Amino acid sequence: MREAYFPGRVPLDAYGNAGFRFADMSHHGSILCLPSGIYSWEPQGPVPVLNDIDRILAEADNIEILLVGTGEELHFLPQDIRKVLYTHHIIADSMNTGAAVRTFNVLLSEDRAVAAALFAVE
């Protein structure tokens, strides 16, 4: 089975029902919104761990801000994740998924170097 992937940077139209809508499509599950496109993402827990951010680090040269939507509730990023992102010159901010989606869309419309790691919510 092929990995779910949408090429390009597009705003997110909706979130909820355990997924996201964008570009006249829907995706069930969590996603990474990166400069190269939107990818299906299966994080290992309620907050990202180092193995969860490999794809983000691969595109670090094109990312200044990483928004982490941690579901319905706010969960802070672990210190080891913050340190790794900082060494790649990425500012990370965690918030609930709804706030992350809205902030991502605003920064994307401003043509900022933004990425998002979004946990799906019901």
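Refer to the structure above for everything that follows.
Criteria and cut-off values
- Residues numbered from 1 in each chain as written.
- Predicted model: local features only at pLDDT ≥ 70, side-chain atom pairs only at ≥ 80, totals over all residues.
- Heavy atoms only, no water.
- Helix = DSSP H or I, 4+ residues; strand = E, 2+ residues; numbered from the N terminus.
- Buried < 20%, exposed > 50% of the residue type's maximum accessible area, 1.4 Å probe, protein only.
- Salt bridge = Lys/Arg side-chain N within 4 Å of Asp/Glu carboxyl O.
- Contact = heavy atoms within 4.5 Å.

Participant: Quick question: what am I supposed to make of the overall build of the chain here?
Facilitator: Within the chain, the regular secondary structure consists of three helices and nine strands. Beginning at the N terminus, the succession of helices and strands in the chain can be written as β-β-β-β-β-β-α-β-α-β-α-β. Overall size of the chain, expressed as C-alpha extent along the three principal axes, is 35 × 30 × 30 Å. Put simply, the chain has 122 residues, and 46% of those count as buried.

Participant: Honestly, the pattern of salt bridges in this entry has me stumped. Any pointers?
Facilitator: Opposite charge on two side chains lets them pair, provided their charged atoms get close. Tallied over the full model, the rule gives one salt bridge. Residue R112 is joined to E110 by a salt bridge in which the shortest nitrogen-to-oxygen separation is 3.9 Å. With a relative accessible area of 35%, R112 lands in the partly exposed category.

Participant: Any chance you could explain the environment of S26 here in plain terms?
Facilitator: In this structure, S26 sits in strand β4 (residues 25-28). Residues in contact with S26, not counting those within four places in the same chain, are F20 and R21.

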